[in-house]
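Working through the structure, step by step
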Amino acid sequence: MVNEVTKYLITENEGYYVDCTFGGGGHSIYFLKNFDNIKIIAFDQDADAYKHFMENKDINPYRDRVIFCRTNFSNLYSQLQELKINTVNGIFADLGVSSKQLDDKTRGFSFSSNDILDMRMDKTKDISAYDVVNSFSKEQLQDIFFKYGEESFAKQIAEEIDNYRVKGKIKTCNQLTDIVCKVKWKKGKINPATKVFQALRIYVNDELESLNKLIDSSTKVLDTYARVVILTYHSLEDRIVKQKFKELSNETFTIVNKKVIIANETEIKNNPRSRSAKMRVLEKTND
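Now for a look at the structure at hand.

Here seven strands make up an open sheet; going across it, the order is β3-β2-β1-β4-β5-β7-β6 and the pairing mixed. The open sheet has two edge strands, β3 (66-69) and β6 (253-255), and neither has a second partner. When the angles between neighbouring strand axes are averaged without regard to direction, this sheet yields 15°. Sheet analysis places strand β5 (residues 222-232) next to strand β7 (residues 278-284), joined by six bridges and oriented antiparallel. Counted as the bridge partner of Ile230 is Arg280 from β7. Those strands touched by helix α1 (residues 2-9) are β1 (15-19), β4 (88-94), β5 and β7, and its axis lies near 160° from that of β5.

Time to look at unusual backbone geometry. Not every positive phi belongs to a glycine, and Met119 is a case in point at roughly 70°. Note that Met119 resides in the loop between α5 (99-103) and α6 (129-135). On the accessibility criterion, Met119 (1% relative accessible area) is buried. The phi dihedral of Tyr225 falls on the positive side, at around 70°, and the residue is not glycine. Mapped onto the secondary structure, Tyr225 falls in strand β5.

To continue, consider helix α12 (residues 235-248). End to end, α12 covers 20 Å across 14 residues, agreeing with the expected 20 Å (1.5 Å per residue, within 8%). Among all positions in α12, only Leu236, Glu237, Asp238, Ile240, Val241, Lys244, Phe245 and Leu248 are buried.

This brings us to the pairing of β3. Here strand β2 (residues 38-43) runs beside β3; their pairing, made up of four bridges, is parallel. From the neighbouring strand, Ala42 faces β3, where its bridge partner is Phe68. What joins β2 to β3 is helix α3 (residues 47-55), and the crossover it makes is right-handed.

Attention now goes to the pairing of β7. Where burial is concerned, most of β7 is hidden: six out of the seven residues are buried. Bridge count between β6 and β7: three bridges; the pairing is antiparallel. Note on β7: the bridge partner recorded for Ile255 is Leu282.

Buried within helix α8 (residues 154-164) we find Ala154, Ile157, Ala158 and Ile161. Buried residues in α8, looked at end-on, bunch into an arc of 100°, giving them a common side. Each element contacted by the buried residues of α8 is listed here: α6, α7 (138-149), α9 (173-181) and α10 (194-205).

On to the packing of aromatic side chains, then. Scanning the model with the defined rule gives nine aromatic pairs in all. The interplanar angle of 85° and the centroid separation of 5.7 Å between the aromatic rings of Phe136 and Tyr203 together place this pair among those described as edge-to-face. Placement of the pair is Phe136 in the loop between α6 and α7 and Tyr203 in helix α10, with a sequence separation of 67 residues. By relative accessible area, which is 14% here, Phe136 ends up buried. Three or more aromatic residues joined by ring pairs form one cluster here, namely Phe22, Tyr50, Phe53 and Phe68. Positioned over the ring face of Phe53 is Arg63, at 5.0 Å from the centre of the ring.

Running from N to C, helix α11 (residues 207-221) and α12 cross one another at 25°; their axes reach a closest spacing of 10 Å. Judged by the angle between their axes, α11 and α12 are roughly parallel. Once α11 is placed against α12, the crossing between them reads as right-handed. Contact with α11, carried on its side by Glu207, Leu208, Leu211, Asn212, Ile215, Asp216 and Thr219, involves Leu236, Glu237, Ile240, Val241, Lys244, Phe245 and Leu248 of α12 and no other residues of that element. Split by residue class, the contact of α11 with α12 holds eight nonpolar, two polar and four charged.

Here is what the cut-offs are and how they apply
- Residues numbered from 1 in each chain as written.
- Predicted model: local features only at pLDDT ≥ 70, side-chain atom pairs only at ≥ 80, totals over all residues.
- Heavy atoms only, no water.
- Pairing = 2+ DSSP bridges.
- Helix = DSSP H or I, 4+ residues; strand = E, 2+ residues; numbered from the N terminus.
- Axes fitted to C-alpha atoms, helices over the stretch in contact; angles between N-to-C directions.
- Contact = heavy atoms within 4.5 Å.
- Buried < 20%, exposed > 50% of the residue type's maximum accessible area, 1.4 Å probe, protein only.
- Expected span 1.5 Å × (residues − 1).
- Right-handed = clockwise from strand over helix to strand, strands pointing away.
- Arc of directions from axis to C-beta.
- Phe/Tyr/Trp six-rings, centres within 6.5 Å; stacked < 30°, edge-to-face > 60°.
- Lys NZ or Arg CZ within 6 Å of the ring centre and 35° of its normal.
- Parallel < 35°, antiparallel > 145°, perpendicular 65-115°, else oblique.
- Left-handed = near helix turned anticlockwise from the far one by under 90°.
- Nonpolar A, V, L, I, M, F, W, Y, C, P; charged D, E, K, R; others polar.

What follows is the structure in structure tokens.
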């Protein structure tokens, strides 16, 4: 949805724009290529994203216009303070797991991976999905699956995991997928383990709390008429963004899109992941 993001995010062809989820750099490179006078402050906690940034030849022509912050976007405000940047012209976040993280099966995000369960976006974090699945009580697992995955079979799946652990460790992604499939049968194209993997990923990376912190930080650093644009991919994220934007909507901030923005048919055809994307935009209208 790069065209929609650009349309709503770039209100001035100058100043600083924040890419909270740099990933492979696709959005940032597009902005830099099409707007000569903007600078990008890129956030990503993933060491692989930083490595890609350093090695990506496509970004070489614009490298002097990018500041890379290898940290979670929840630290937006403190990082900008360190950089002595008081205001920015726009903030963009493309939430969830990136395509590069999904494609790299060693990261432990993929249902079919025969690699160790991990799911940490920042590999320096202490707790991985492996730790959660193998050491948390079945009651804790049930709570995680229900709270962060909205999984209606949370209790049964947690019990099945608990029974399996008597025999040994649950080490790989496909082991966990097989366990979930004993409780849930496949319907359509959606993998039965989708909600469980989502729940574990959100818990391990503290994604919802980070999102709350990002929105709160954004309100402190947006310049007048600058915008924060957030793309979400599941109802928990979208609910937070919708509610927080509504709470902030007053004489200082305005919700730009009263109706959520979704991908068009062409975008979905070219990028199937965009099918579940929802975009919301908040603008600072007064000091």
